[in-house]
Amino acid sequence: MKKLIYILSILVLCTACEDVIDVDVPDGEPRLVIDASFEFYLDENPVDTEGGVRLTLSAPFFDTEIPTVSDATVFITDLSDNSIINFNETSEPGFYLPENGITIIPQFDIPYELTVIHENETYKATTQLFPTVPIENIEQGDGTLFDGDETEIIVSFTDDGTRDDFYLFDFDFNLLEVSDDRFYQGEFFNFSYFYEDMVAGRDITIKILGIDRQYFNYAGLLIDQSDQDGGGPFQTPPALLRGNIINTTNPDNYPLGYFNLSEANRFEFTVEE
């Protein structure tokens, strides 16, 4: 698909880093990559859950094949009561989901710990469920950019003024952006997103996910590194970014990737031709 581009009006999308995040140049040694991202649609009945734990090994940037990891032990612990949900590998190599089809529905303000055991080393990360707000409306505008044939989509939502929010927006087609509410705390906001082409007449799904400051910084760096021209920024970033997962057995052999739990809201829309 031809590269899709965007521009935002009114809404200021901030990707400035306030936390220190290590950036390492690949040294050729493979590292475990743990992509453990979950979306919870709490406003839907029944509650829908998307995501899982994907395990791969880092590879040289220009390699076309990404090695998967199929011999790991994976589980999530609810640290409020130490209950455990075990994960099994699915028919898709390297992708793990809760065993016996169990649906995870985490609670707010409770810590959850991810554990991955691979080749006698243990990797852990702790996070909690971060809230979001609903998308109130999406409409198609008639604005354009440089070429004059872009498609404008206007997204509207109201920020929760009782907390500091960080958001990850998913504009479908693996197009992502991050934003924080420092400039629209507690206010109604709308902004424009421009697709270059290839969306006329198509059904699209736009999502808003709640995240924390650290994931906001991490995702912002990955998005900046990526041209988002297929595959998404979390597939093969040009530099190695350390997330919130640590190797408790051998800290020097740190993993890549992130453990994230997001409340999410989505809005389906058909683009006019």
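Residues numbered from 1 in each chain as written. Predicted model: local features only at pLDDT ≥ 70, side-chain atom pairs only at ≥ 80, totals over all residues. Heavy atoms only, no water.

Caption draft 1: How the structure looks around the overall build of the protein. In terms of regular secondary structure, the protein is built from one helix and 18 strands. Out of the 273 residues in the protein, the part that is buried amounts to 46%. Taking the contacts inside the protein whose residues are at least 6 apart along the sequence as the reference set, 68% of them involve residues at least 24 apart. Of the roughly 13300 Å² of accessible surface on the protein, a fraction of 47% belongs to carbon and sulfur atoms. (Helix = DSSP H or I, 4+ residues; strand = E, 2+ residues; numbered from the N terminus. Buried < 20%, exposed > 50% of the residue type's maximum accessible area, 1.4 Å probe, protein only. Contact = heavy atoms within 4.5 Å. Areas by Shrake-Rupley, 256 points an atom, 1.4 Å probe, with all protein chains shown as cover.)

Caption draft 2: View of the environment of Phe169. Tracing the backbone shows Phe169 in strand β12 (residues 166-170). Taking the C-alpha atoms as reference, Phe169 lies 9.9 Å from Asn265; in sequence the two are 96 residues apart.

Caption draft 3: Highlighting the sheet that holds strand β11 (residues 151-158). Spatially, three strands are ordered β10-β11-β14 in an open sheet, and the strand pairing comes out antiparallel. Of all the strands in the sheet, just β10 (135-141) and β14 (188-195) have a single pairing partner and so form its edges. The mean inter-strand angle of the sheet, taken between neighbouring strand axes irrespective of direction, is 20°. Pairing between β11 and β14: eight bridges, direction antiparallel. (Pairing = 2+ DSSP bridges. Axes fitted to C-alpha atoms, helices over the stretch in contact; angles between N-to-C directions.)

Caption draft 4: Structural view of helix α1 (residues 213-225). For α1, spanning 13 residues, the distance from its first C-alpha to its last is 19 Å, which sits close to the expected 18 Å at 1.5 Å a residue. Within α1, burial applies to Tyr215, Phe216, Asn217, Tyr218, Ala219, Gly220, Leu222 and Ile223. (Expected span 1.5 Å × (residues − 1).)

Caption draft 5: The arrangement of the nonpolar core in detail. Membership of the largest hydrophobic core comes to 24 residues, with the highest contact counts inside it found for Ile34, Val53, Leu55 and Phe259. Of all the secondary-structure elements, those providing two or more residues to this core are β2 (32-41), β3 (48-57), β4 (73-78), β7 (112-118), β8 (121-127) and β18 (256-270). Element by element, the count of residues in this core is highest for β2, at five residues. If sequence neighbours within four positions are ignored, Phe259 has contacts with Ala36, Phe38, Ile76, Tyr112, Glu113, Leu114, Ala125, Thr126, Thr127, Asn244 and Ile245. Judged by nonpolar contacts, the second largest core, of 22 residues, contains Val133, Phe169, Val199 and Ile204. (Core = buried A, V, L, I, M, F, W, Y, C linked by side-chain atoms within 4.5 Å.)

Caption draft 6: Seen up close, the pattern of salt bridges. A full pass over the atoms with the stated rule returns 10 salt bridges. A salt bridge links Arg54 to Glu92; the nearest nitrogen and oxygen atoms lie 2.7 Å apart. Placement of the pair is Arg54 in strand β3 and Glu92 in the loop between β5 (83-89) and β6 (95-98), with a sequence separation of 38 residues. Among the residues examined, Glu92 registers a relative accessible area of 36% and is labelled partly exposed. Counted as one network, the salt bridges with shared partners bring together Glu39, Glu44, Asp48, Glu50, Lys207 and Arg266. (Salt bridge = Lys/Arg side-chain N within 4 Å of Asp/Glu carboxyl O.)

Caption draft 7: How the structure looks around unusual backbone geometry. The residue after Asn45, namely Pro46, is reached through a cis peptide bond having omega 5°. Structurally, Pro46 can be placed in the loop between β2 and β3. With a phi angle near 70°, Asp172 is a residue other than glycine that sits in the positive phi range. Secondary-structure assignment places Asp172 in the loop between β12 and β13 (176-180).

Caption draft 8: How the structure looks around the packing of aromatic side chains. Tallying each qualifying case throughout the model produces 18 aromatic pairs. Relative to Phe191, the ring of Phe171 lies with its centre 6.1 Å away and its plane at 85°, an arrangement referred to as edge-to-face. Here the residue Phe171 occupies a position in the loop between β12 and β13, and Phe191 occupies one in strand β14, the gap between them amounting to 20 residues. For Phe191, a relative accessible area of 1% corresponds to the buried category. Measuring from centroid to centroid gives 4.8 Å for Tyr184 and Phe189, while their planes differ by 55°, and the two rings are tilted. Judged on exposure class, the residue Tyr184 and its partner Phe189 are both buried. In textbook terms, an aromatic cluster arises when at least three aromatic residues are bridged by ring pairs, as seen for Phe157, Tyr167, Phe169, Phe171, Phe173, Tyr184, Phe189, Phe191, Tyr193 and Tyr195. A cation over an aromatic ring shows up here: Arg31 above the ring of Tyr254, its NZ or CZ 3.8 Å from the ring centre. (Phe/Tyr/Trp six-rings, centres within 6.5 Å; stacked < 30°, edge-to-face > 60°. Lys NZ or Arg CZ within 6 Å of the ring centre and 35° of its normal.)

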